[in-house]
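If you want the building blocks of each chain, they are given just below.
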Amino acid sequence: MPINTDPQDARAAAAVMVTELARDFHDTDVGVSCDPPQEPWSWTARVTFAANDEPPLPDAEG
């Protein structure tokens, strides 16, 4: 990402990357929410498991 990228665009791109990595490598959906920046050069985000509306799979032994 170019150094002159708007911070909001950079956070959005990072959120997309984390979401895609979680899906590709862990087969799970996550949500990413960025916290308001405390300093211009630093920011944090929270990653949470996305709600799954699908019912659990039946027990295979059952």
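Refer to the structure above for everything that follows.
Everything quoted here is computed from the prediction, not taken from an experiment. (Residues numbered from 1 in each chain as written. Predicted model: local features only at pLDDT ≥ 70, side-chain atom pairs only at ≥ 80, totals over all residues. Heavy atoms only, no water.)

Regarding its fold elements, the protein chain presents 1 helix and 2 strands. Starting at the N terminus and ending at the C terminus, the protein chain contains elements arranged as α-β-β. Each of the 62 residues in the protein chain was classed as buried or not, and the buried ones make up 11%. A separation threshold of at least 6 residues defines the contact pool for the protein chain, and within that pool the share at least 24 residues apart is 10%. On the protein chain, roughly 5,600 Å² of surface is accessible, and the fraction owed to carbon and sulfur atoms is 55%. (Helix = DSSP H or I, 4+ residues; strand = E, 2+ residues; numbered from the N terminus. Buried < 20%, exposed > 50% of the residue type's maximum accessible area, 1.4 Å probe, protein only. Contact = heavy atoms within 4.5 Å. Areas by Shrake-Rupley, 256 points an atom, 1.4 Å probe, with all protein chains shown as cover.)

A separate point is unusual backbone geometry. Phi at D27 takes a positive value of approximately 50 degrees, unusual for a residue other than glycine. Relative to the helices and strands, D27 is located in the loop between α1 (7–26) and β1 (30–34). Judged by relative accessible area, which is 71%, D27 ranks as exposed.

A separate point is α1. The end-to-end C-alpha distance of α1 is 28 Å, a good match for the 28 Å that 20 residues give at a rise of 1.5 Å each. Turning to α1, its buried residues are A10, R11, A15, T19 and A22. Against the buried residues of α1 lie β1. Among the residues of α1, the N-terminal cap falls to D6, whose side-chain oxygen and the backbone nitrogen of Q8 are separated by 3.1 Å. (Expected span 1.5 Å × (residues − 1). Polar contact = N/O pair within 3.5 Å; in protein donor to acceptor, adjacent residues only side chain to side chain.)

Let's shift gears to the side chain of R11. As for its position among the elements, R11 is in helix α1. Comment: no salt bridge for buried R11; closest opposite-charge side chain is D6, at 6.2 Å. Ignoring any residue separated from it by four or fewer positions in sequence, one finds R11 in contact with C34, P37 and W43. (Lys, Arg positive; Asp, Glu negative; His and termini not counted. Salt bridge = Lys/Arg side-chain N within 4 Å of Asp/Glu carboxyl O.)

This next bit is on the environment of D6. If you trace the backbone, D6 turns up in the segment before α1. When its relative accessible area of 39% is taken as the criterion, D6 is described as partly exposed. At 3.1 Å, the side chain of D6 and the backbone nitrogen of Q8 are in polar contact.

Limitation: the analysis is restricted to geometry and does not speak to function.
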